[in-house]
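Descriptive analysis of the structure
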Amino acid sequence: MKITIKRDSGLEEFEVSPNLMLLNALYEIKENLDSTLSFDSGCRSMVCGACAVIVNGKEVLACSTKVEDGDLIEPLRAHDVIRDLKVHKSVKLDTIKREKAYLKEYKEVALSPKDEELTAIQSDCILCDSCYSACPVFEVNKEFLGPFALTRAYRYVVDKRLQEPKDIIDNIQQNGVWDCTLCGECTLVCPKGIDPKADIIQLRNLSAQNGYMDPNLTAGFNGGGFGFNPNGF
């Protein structure tokens, strides 16, 4: 069975054993065919997110994806490639600093099981970066906070213990909630079933409650983009 890997030198074809998980196939290549092949891996059990790659155009975890004959394996999109399938995943640290989504000042409030359910799924993120790779906005605008950062923002904004949730709302307006196209690509590729698109919609609602508005709509009204004529003609 043959698979093709996009490497620094171009596309390269390898013969691998059938019925393997992709990560096992990559190790088979490294150990038996080409020791210079570079890729990331860690837990091998869908917990660390290190082994995320693109297979036939879709972001997947190599440890949980069965390899098929003719598969094309590529590194994540919109990331600096270190070598072969290994990419730089520093974008998350930058977005956390910008949005400041964490419990910096919190109240002593007991959380009910229902409160915890509100953010249970968002807390399952394994930092694989698949959502950033799939995001068409991040691909063209590296200043965009992106799916992970906005889901994280929602996770803390709805946390009853956070003293000033508006601080986070303020920090996600520029290159944030209104820049998302709501295409849902991030949701489709998340290996943990997180739905950043739904979280971003909720953040837009919370932003509106705090006096913010989609700047695209504001520009349309101010510039007459919707056919509005202040003189009534």
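All of the points below concern the structure found in this document. Since this is a predicted model, take the numbers as computed values, not measurements. Throughout, a residue's number is its position along its own chain's written sequence, starting from 1. Local features are withheld for residues below a pLDDT of 70 in this predicted model, meaning they are given only at 70 or higher, and side-chain atom pairs are given and counted only at 80 or more; totals for whole chains, interfaces and linings count all residues. By convention in this description, side-chain values take in all heavy atoms of the structure and omit both hydrogens and water.

1. What about the overall build of the protein chain?
We apply this condition: Numbering of helices and strands runs from the N terminus; a helix is a DSSP stretch of H or I covering at least four residues, while a strand is a stretch of E covering at least two. The rule is simple: take the accessible area with a 1.4 Å probe, protein chains only, and divide by the maximum for that residue type; under 20% is buried, over 50% is exposed, in between is partly exposed. Contact definition: two residues touch when any of their heavy atoms are within 4.5 Å. In this description, accessible areas are obtained by the Shrake-Rupley approach with a 1.4 Å probe, and a residue is regarded as covered only by the protein chains that are shown.
Counting its secondary structure elements, the protein chain contains ten helices and seven strands. Here the protein chain holds 233 residues, and the buried ones make up 40% of them. Sequence separation of at least 24 residues holds for 62% of the intrachain contacts in the protein chain that already meet a minimum separation of 6. Split by element, the accessible area of the protein chain, about 12,400 Å² in all, is 50% carbon and sulfur.

2. Side note on the sheet that holds strand E4 (residues 58–61)
We apply this condition: DSSP bridges decide pairing: two strands pair if at least two such bridges lie between them. Note on geometry: axes are C-alpha line fits, over the in-contact stretch for helices, and angles between N-to-C directions span 0 to 180 degrees.
One open sheet accounts for five strands, arranged E2-E1-E5-E3-E4; its pairing is mixed. Edge strands, defined here as strands with exactly one partner in the open sheet, are strand E2 (10–15) and E4. Across the sheet, the mean angle separating the axes of adjacent strands is 35 degrees when strand polarity is ignored. In terms of strand pairing, strand E3 (residues 52–55) meets strand E5 (residues 72–74) through two bridges, oriented antiparallel. Note that in E5 the partner of Val55 across the bridge is Ile73. Here helix H1 (residues 22–32) sits on the sheet and contacts strand E1 (2–7), E2, E3 and E5; the angle it forms with E1, its principal contact strand, is near 75 degrees.

3. Quick notes on the nonpolar core
Keep this limit in mind: Remark: nonpolar core denotes a set of buried residues (Ala, Val, Leu, Ile, Met, Phe, Trp, Tyr, Cys) joined through side-chain atoms within 4.5 Å.
Within the largest apolar cluster, 28 residues are counted, with the highest numbers of intra-cluster contacts made by Ile3, Ile5, Leu22, Val53 and Ile73. Elements that contribute at least two residues to this core include exactly E1, H1, E3 and E4. At five residues, the largest contribution of residues to this core is made by H1. Counting residues in each nonpolar core, the second largest holds 24 residues, with Tyr132, Ala149, Ile168 and Val177 among its members.

4. Considerations on the packing of aromatic side chains
The condition that has to hold: Centres within 6.5 Å make a pair out of two Phe, Tyr or Trp rings, where for Trp the six-membered ring is used; the pair is then stacked when the planes are under 30 degrees apart, edge-to-face when over 60, and tilted otherwise. Charge over a ring is defined by NZ of Lys or CZ of Arg lying within 6 Å of the ring centre and within 35 degrees of the ring normal.
Tallied over the full model, the rule gives two aromatic pairs. Ring centres of Tyr132 and Phe138 lie 4.9 Å apart, and the angle between their planes is 65 degrees; this geometry places the pair in the edge-to-face category. One exposure class covers both Tyr132 and Phe138, and it is buried. Just above the ring of Tyr27 sits the side chain of Arg44; from NZ or CZ to the centre is 4.2 Å. Looking at Lys142, its charged tip hangs above the ring of Phe138, at a distance of 5.3 Å from the centre.

5. Notes on empty space enclosed by the protein
As a reminder of what qualifies: Cavities and pockets were defined on a 1 Å grid built from protein atoms only: a cavity is a group of points that admits a 1.4 Å probe but offers it no way out, a pocket is an open group of points flanked by protein on both sides within 12 Å along at least five of seven lines, and a lining residue is one with an atom within 4 Å of any such point. Grid points are joined across faces, edges and corners, and a volume is the space filled by probe spheres set on the points. Under the grouping applied here, Gly and all other residues not named as nonpolar or charged are polar, the nonpolar ones being Ala, Val, Leu, Ile, Met, Phe, Trp, Tyr, Cys and Pro and the charged ones Asp, Glu, Lys and Arg.
Applying the stated criterion across every chain yields a total of two cavities of 30 Å³ or more. Here the largest cavity defines a volume of roughly 150 Å³. Cys125, Cys131, Phe148, Cys190 and Ile194 are the residues nearest the centre of the largest cavity, which is lined by 15 residues in total. Those elements that place two or more of their residues in the lining of the largest cavity are helix H4 (130–134) and helix H6 (146–157). Classifying every residue of the lining of the largest cavity by side-chain character gives ten nonpolar, two polar and three charged.

6. Observations concerning the side chain of Asp214
The line we're drawing: Positive charges come from Lys and Arg alone, negative charges from Asp and Glu alone, with His and the N- and C-terminal ends not counted. A carboxyl oxygen of Asp or Glu within 4 Å of a side-chain nitrogen of Lys or Arg is what we treat as a salt bridge. Under the rule applied, a polar contact is a pair of N or O atoms within 3.5 Å (in protein, one hydrogen donor and one hydrogen acceptor; residues adjacent in sequence only if both atoms are side-chain atoms).
Relative to the assigned elements, Asp214 resides in the loop between helix H9 (196–209) and helix H10 (215–223). Buried within the structure, Asp214 lacks any salt-bridge partner; Arg204 is the closest side chain of opposite charge, at an N-O distance of 5.1 Å. One polar contact links the side chain of Asp214 to the main-chain amide nitrogen of Asn216, over a distance of 2.9 Å.

7. Here's the deal with the pattern of salt bridges
Under the criterion given, the structure shown has ten salt bridges. When the shortest N-O distance is used, the salt bridge between Glu59 and Arg77 registers 2.7 Å. On the criterion of sequence distance, the pair formed by Glu59 in strand E4 and Arg77 in the loop between E5 and strand E6 (81–83) is long-range, its members being 18 residues apart. A relative accessible area of 3% places Glu59 in the buried class. As a salt-bridge pair, Asp159 and Arg161 come within 2.8 Å of each other at their nearest N and O atoms.

Coordinates in, geometry out; function isn't part of it.
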